[in-house]
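Examining the three-dimensional arrangement
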Amino acid sequence: MSELTDLYQEVILDHNKKRRAEGFNPLCGDQIQLYVKLDDGLISDIGFQGSGCAISKASASLMTSALKGRTAAEAGELFERFHQLVTTDDAADPGELGKLAVFSGVREFPARVKCASLAWHTLRAALEGKGEKVTTE
Ligand code: ZN
């Protein structure tokens, strides 16, 4: 019976993948630990613990609420849009990013771009299944 239970749990664990990644921005001292739960490619749960400046924490908070219920593929697209938003002047319509559009202002402050994008780089590492520490350097 216990063997069957073990097998069942293995199958469940395979379909409900929990991913975890850590990010670090040495320029500012921002740190983040990100947790992502994937159900057949869908982000069913996502959360973070972080310490650092207000921008890095606000970015992680808005990112996690924006991505819950989306697919990993959609998260990748959003990452590209967000990255454009904070690095280029002629980004796509920021309206598509919802609340994340508030970060368009950080492109005026290059040092802050890394604070705003730390959570996103960490997310990409988590989705790609890379457990190692991500750094913005
Ligand atoms: Zn920072």
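In short, a report on the structure. Each residue is numbered by its place in its chain's sequence as written, counting from 1. Note on the predicted model: pLDDT of at least 70 is required for a residue's local features to be given, and 80 or more for side-chain atom pairs to be given and counted; whole-chain, interface and lining totals, by contrast, use all residues. To get the side-chain values, take all heavy atoms of the structure and skip hydrogens and water.

1. What about the nonpolar core?
Residues Leu34, Val36, Leu67, Phe82, Trp120 and Leu123 are the most contacted members of the largest nonpolar core, which totals 29 residues. Only DSSP runs of H or I reaching four residues or more are called helices, and only runs of E reaching two or more are called strands; each is numbered from the N terminus. Going through the elements one at a time, strand E2 (30-39), strand E3 (42-51), helix H2 (54-67), helix H3 (72-87) and helix H4 (110-127) are the ones with two or more residues in this core. At eight residues, the largest contribution of residues to this core is made by H4. By definition in these notes, contact holds between two residues if any of their heavy atoms fall within 4.5 Å. Each residue touching valine 36, except ones within four places of it in the same chain, is listed here: Lys17, Lys18, Arg19, Ile43, Asp45, Ile46, Leu123, Ala126 and Leu127. Residues belong to a common nonpolar core when they are buried Ala, Val, Leu, Ile, Met, Phe, Trp, Tyr or Cys residues joined through side-chain atoms within 4.5 Å. Three exposure classes are used, based on accessible area relative to the maximum for each residue type with a 1.4 Å probe and protein chains only: buried under 20%, partly exposed in between, and exposed over 50%.

2. Observations regarding the pairing of E2
With burial as the criterion, only one face of E2 is covered, namely that bearing Asp30, Ile32, Leu34, Val36 and Leu38; the residues Gln31, Gln33, Tyr35, Lys37 and Asp39 on the opposite face remain uncovered. Should DSSP find at least two bridges between two strands, the strands are regarded as paired. Pairing analysis gives nine bridges linking E2 to E3, with the strands arranged antiparallel. Counterpart to leucine 38 in the pairing with E3 is isoleucine 43. Between E2 and E3, which follow one another and run antiparallel, lie two residues, and aspartate 40 among them has a positive phi close to 50°.

3. Notes on the coordination of the zinc ion
Within the protein, Cys28 (SG), Asp30 (OD), Asp30 (OD), Cys53 (SG) and Cys115 (SG) serve as the donor atoms for the zinc ion, at 2.1 to 2.7 Å. A 2.8 Å cut-off from the metal defines N, O and S donors, relaxed to 3.2 Å for Na, K and Ca; water is not in the atom list, so some sites may appear incomplete. Read in sequence order, the donor residues for the zinc ion give the motif C-x1-D-x22-C-x61-C. Taken as a pair, cysteine 28 in the loop between strand E1 (16-25) and E2 and cysteine 53 in the loop between E3 and H2 lie far apart in primary sequence, 25 residues in all. The exposure class of cysteine 53 is buried, given its relative accessible area of 14%.

4. Quick word on H4
One less than the number of residues in a helix, times 1.5 Å, gives the span that helix is expected to have. Relative to the 26 Å expected for 18 residues at 1.5 Å per residue, H4 spans 26 Å between its end C-alpha atoms, a close match to the ideal helical length. To get the bend at any residue, fit one axis to the seven residues that end at it and another to the seven that begin at it, then take the angle between the two axes. Taken as a whole, H4 carries its principal kink of about 45° at serine 117. Residues of H4 that are buried: Val113, Cys115, Ala116, Ser117, Leu118, Ala119, Trp120, Thr122, Leu123, Ala125 and Ala126. At the exit of H4 stands glycine 129, carrying a positive phi of roughly 75°.

5. A few points about empty space enclosed by the protein
Method remark: on a 1 Å grid restricted to protein atoms, a set of points is classed as a cavity if a 1.4 Å probe fits but cannot get out and as a pocket if it is open with protein on both sides within 12 Å along at least five of seven lines; lining residues have an atom within 4 Å of a point. Grid points are joined across faces, edges and corners, and a volume is the space filled by probe spheres set on the points. If you walk through the whole model with that rule in mind, you get one cavity of 30 Å³ or more. The space that makes up the largest cavity amounts to roughly 60 Å³. Gln31, Ile32, Phe48, Gly50, Ser51, Ser56, Lys57, Ala60, Cys115, Leu118 and Ala119 are the residues that line the largest cavity. At the level of elements, E2, E3, H2 and H4 are the ones that each hand at least two residues to the lining of the largest cavity. Residue classes in the lining of the largest cavity are distributed as six nonpolar, four polar and one charged. Polar here means any residue outside two lists: the nonpolar Ala, Val, Leu, Ile, Met, Phe, Trp, Tyr, Cys and Pro, and the charged Asp, Glu, Lys and Arg; Gly therefore counts as polar.

6. Looking at the packing of aromatic side chains
Ring pairs are drawn from Phe, Tyr and Trp, using the six-membered ring of Trp, whenever the two centres fall within 6.5 Å, and their geometry is named by plane angle: stacked under 30 degrees, edge-to-face over 60, tilted for the rest. The final tally for this structure, using the stated rule, is three aromatic pairs. Ring centres of phenylalanine 79 and tryptophan 120 lie 6.3 Å apart, and the angle between their planes is 55°; this geometry places the pair in the tilted category. Of this pair, phenylalanine 79 sits in helix H3 while tryptophan 120 is found in helix H4, placing the two residues 41 residues apart along the sequence. Taking the relative accessible area as the measure of exposure, phenylalanine 79 reaches 6% and is therefore buried. Ring plane angle 20° and centroid distance 4.9 Å describe the contact between phenylalanine 82 and tryptophan 120, whose orientation is recorded as stacked.

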